[in-house]
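An overview of the molecular structure
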Amino acid sequence: RTGAPIQAYLRISKTPILNRSNIYYPDLIVVFDESLIGQIPVFIGLKKDGIILVNTEKNPSSFQGNASIIHTIPATKISLAKGLGSKSLPIVNSAMIGALIKILQGDISIAREIIRKEVPAKHKENAEASEIAFHNVNFFVDTTFSFKKGTPEINLPPDTPSTPFWNKPMSL
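Summary of the structure given here.

About the criteria used
Residues numbered from 1 in each chain as written. Predicted model: local features only at pLDDT ≥ 70, side-chain atom pairs only at ≥ 80, totals over all residues. Heavy atoms only, no water. Salt bridge = Lys/Arg side-chain N within 4 Å of Asp/Glu carboxyl O. Helix = DSSP H or I, 4+ residues; strand = E, 2+ residues; numbered from the N terminus. Buried < 20%, exposed > 50% of the residue type's maximum accessible area, 1.4 Å probe, protein only.

1. Side note on the pattern of salt bridges
Within this structure, the stated rule accounts for six salt bridges. We note a salt bridge from Glu128 to Lys82, for which the minimum N-O separation is 2.8 Å. Residue Glu128 is found in helix α4 (residues 123-134), and its partner Lys82 is found in the loop between α1 (75-81) and α2 (93-103); the two are separated by 46 residues along the sequence. Residue class for Glu128 comes out partly exposed when judged on its relative accessible area of 25%. The shortest N-O distance in the salt bridge between Arg112 and Glu131 comes to 2.7 Å. Note that Arg112 is positioned in helix α3 (residues 108-118) and Glu131 in helix α4, a separation of 19 residues in sequence. Take Arg112: its relative accessible area is 19%, and that puts it in the buried class. Each of Lys82, Lys124 and Glu128 takes part in a single network of salt bridges with overlapping partners.

Next up, the structure:
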């Protein structure tokens, strides 16, 4: 249903990705709606040197204590200025992609062209929102971040793989 909180996963690699399970210990957490932060534990599992990106107009230091590296982007403000969605349901996807491209040190010109070609509507506005976001990401390094503060320590047996996998082909 529209507006309901979701959790999604994305693996990025320059080599083929064979692991298709959930991501339990992410390197990066992206929060499209900052109101979720007070409602659910969005930062659980974040790796010790993990990064967060939050769609907010607040300063990144407002999220101190949740990650080592904190990025913020006013994606809602950017998207509304470009006419993407409405005040009650802003469409922030392209702006968030632009911010992610900046964090991942990608090429915004390539991303802009893909967005221009692939989004179903308002091609120009979506591409512009991504580029504006790319150039307006704020960041803060939390030198006081304590891993145990935001994430419970998980003690697994020494022979446990760090990510779930199947060591035998599955069959029905």
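Let us keep going from here.
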